[in-house]
Amino acid sequence: MSEIVTRPPYDPELEAVLATVSDQMPTTYTLDMIPMMRQGLPLDLADEDLTAAGAMRRDFTIKGYNDADILVSVIARADHGERGPGIYYTHGGGMVAGNQMSGMHVVLPWIIAHDAVAVSVNYRLAPEFPDPFPVEDCYAGLIWTIEHAAELGIDPLRVMIAGASAGGGLAAGTALLARDRGGPHLTAHLLMCPMLDDRDDTSSAAQFEGVGTWDRASNVMAWTALLGDRRKTGEVSIYAAPARARDLSGLPPAFIDCGAAEVFRDEDVAYAQALWRAGVQAELHVWPGGFHGFDMLAPEAGISKAAIAARDAWVARQLAA
């Protein structure tokens, strides 16, 4: 007799949105669906959105891992002054989809409000480019950002890294690489519903199988694409799966948020606890009834507004420092 798995309920307002979203996007993603995922995410920020907000974009081709060409986009206010804070962004998409403009609508208000300059990296994707390509591309982009800070209008001593979902995991991995390689210096790292653990052994993973916007099977698919046969073995580095890190000391202040009703809940809470054990300042929010990416897919819901306000307030404190 199979065990009955109970789970926290969805927020009623979000559940209504989830019912609509389920008609437009699947709950479970499989390897054969990756081409469809790459046709474009509904959360990609368009150039007309930048123009309407008073921002502008410049693209640069830089050297990524193994000296291959990758693309970064630099976004700033059209009237950007000199030497503002920097935001280095790693996009989501399960390690298998997305581009440097995916999810950038979350970052755009910070650019406008704080005259910040954002650099977003179009890292190479699994399974064609498995670990360590994605995280090493992200690290290479960070190095480039600091080296070109003056011409980009960034104060190199005021750069935070941010990422959502798979990008949150890459932001955490890149921060660990920066720590272990002696730089670049990061003032903070912002991890939005981050994908941190390949081992698939949490209660929240079991609770959200076949439900939500990104379920357990989708997560296993993504980690398998990234790691192949190494998934769940001792051959996985802390930079690919930061939840495996035993020592998080020396990392910059962190912000972690997630929904209580999503696969990543338990690993995100555990990562915040590991940061606290290591003496790192961390702010954690677990939003009741939130599915994965709820604040992006349902920004007008009450719980989403609260989540966005908490995140924006933390960013304001970091960028003002």
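Predicted, not measured: the structure shown is a model, and the values here were computed from it.

Thresholds applied
Residues numbered from 1 in each chain as written. Predicted model: local features only at pLDDT ≥ 70, side-chain atom pairs only at ≥ 80, totals over all residues. Heavy atoms only, no water. Helix = DSSP H or I, 4+ residues; strand = E, 2+ residues; numbered from the N terminus. Rg over C-alpha atoms; globule rule 2.2 N^0.38 Å. Buried < 20%, exposed > 50% of the residue type's maximum accessible area, 1.4 Å probe, protein only. Contact = heavy atoms within 4.5 Å. Areas by Shrake-Rupley, 256 points an atom, 1.4 Å probe, with all protein chains shown as cover. Lys, Arg positive; Asp, Glu negative; His and termini not counted. Charge placed at Lys NZ, Arg CZ, Asp CG, Glu CD. Expected span 1.5 Å × (residues − 1). Pairing = 2+ DSSP bridges. Right-handed = clockwise from strand over helix to strand, strands pointing away. Core = buried A, V, L, I, M, F, W, Y, C linked by side-chain atoms within 4.5 Å. Salt bridge = Lys/Arg side-chain N within 4 Å of Asp/Glu carboxyl O.

Chemist: A description of the overall build of the chain should follow, citing residues and the corresponding values.
Modeler: On a plain count of helices and strands, the chain comes out with 12 helices and 8 strands. Scaling as 2.2 N^0.38, a compact globule of 321 residues should have a C-alpha radius of gyration of about 20 Å, and the chain matches this with 18 Å. When the backbone C-alpha atoms are referred to their principal axes, the chain occupies close to 65 × 40 × 40 Å. In the chain, buried positions account for 55% of the 321 residues. When contacts within the chain are restricted to residue pairs at least 6 apart in sequence, long-range pairs at least 24 apart make up 77% of them. Counting only carbon and sulfur atoms, one obtains 53% of the accessible surface of the chain, whose full area is about 12,800 Å². For the chain, the distance from the average position of its 23 positive side-chain charges to the average position of its 42 negative side-chain charges is 5 Å.

Chemist: Give a detailed account of helix α9 (residues 216-227), specifying residues and quantitative values.
Modeler: Across its 12 residues, α9 extends 16 Å between first and last C-alpha, which sits within 8% of the 16 Å expected from 1.5 Å per residue. Considered for burial, the residues of α9 that qualify are S218, N219, M221, A222, W223, A225, L226 and L227. Buried residues belonging to α9 abut α2 (34-37) and α5 (133-147). Backbone geometry just downstream of α9 places G228 in the positive-phi region, at approximately 60 degrees.

Chemist: Account for the environment of P252, with residues named and values stated.
Modeler: Note on placement: P252 falls in the loop between α9 and β7 (254-259). The contacts of P252, once residues within four sequence positions are left out, are L186, T187, A188, H189, V280 and Q281.

Chemist: Quick rundown of the pairing of β7? Include the residues and the values.
Modeler: Along β7, 6 of the 6 residues are buried, which leaves the element largely enclosed by surrounding structure. Here β7 shows two buried faces, one formed by A254, I256 and C258 and the other by F255, D257 and G259. Pairing of β7 with strand β8 (residues 282-287), which is carried by 6 bridges, proceeds in the parallel orientation. Paired with A254 across the two strands is A282, which belongs to β8. Assessed by its sense of winding, the connection that carries the chain from β7 through helix α10 (residues 265-277) to β8 is right-handed.

Chemist: Describe in detail the nonpolar core, supporting the description with residues and values.
Modeler: If you look at the biggest cluster of nonpolar residues, it comprises 78 residues, and the most contacted ones within it are Y88, V119, L248, L251, Y271 and L275. It is helix α7 (residues 166-180) that contributes the most residues to this core, 8 residues altogether. Not counting residues within four places of it along the chain, the set of residues in contact with Y88 comprises V119, V121, D137, C138, G141, L142, T145, V159, M160, I161 and A162. One finds I75, V106, A118 and A162 within the second-largest nonpolar core, a separate group that totals 26 residues.

Chemist: How would you summarise the pattern of salt bridges if you had to cite specific residues and measurements?
Modeler: Inspection of every chain in the model, using the stated rule, returns 19 salt bridges. Here R244 and D198 are joined by a salt bridge, their closest N and O atoms 2.7 Å apart. Note that R244 is positioned in the loop between α9 and β7 and D198 in the loop between β6 (188-192) and α8 (203-207), a separation of 46 residues in sequence. For D198, a relative accessible area of 1% puts it in the buried group. Between D266 and R265 there is a salt bridge; the shortest N-O distance is 2.7 Å. If you follow the salt bridges from partner to partner, you end up with D47, R57 and D59 in one network.

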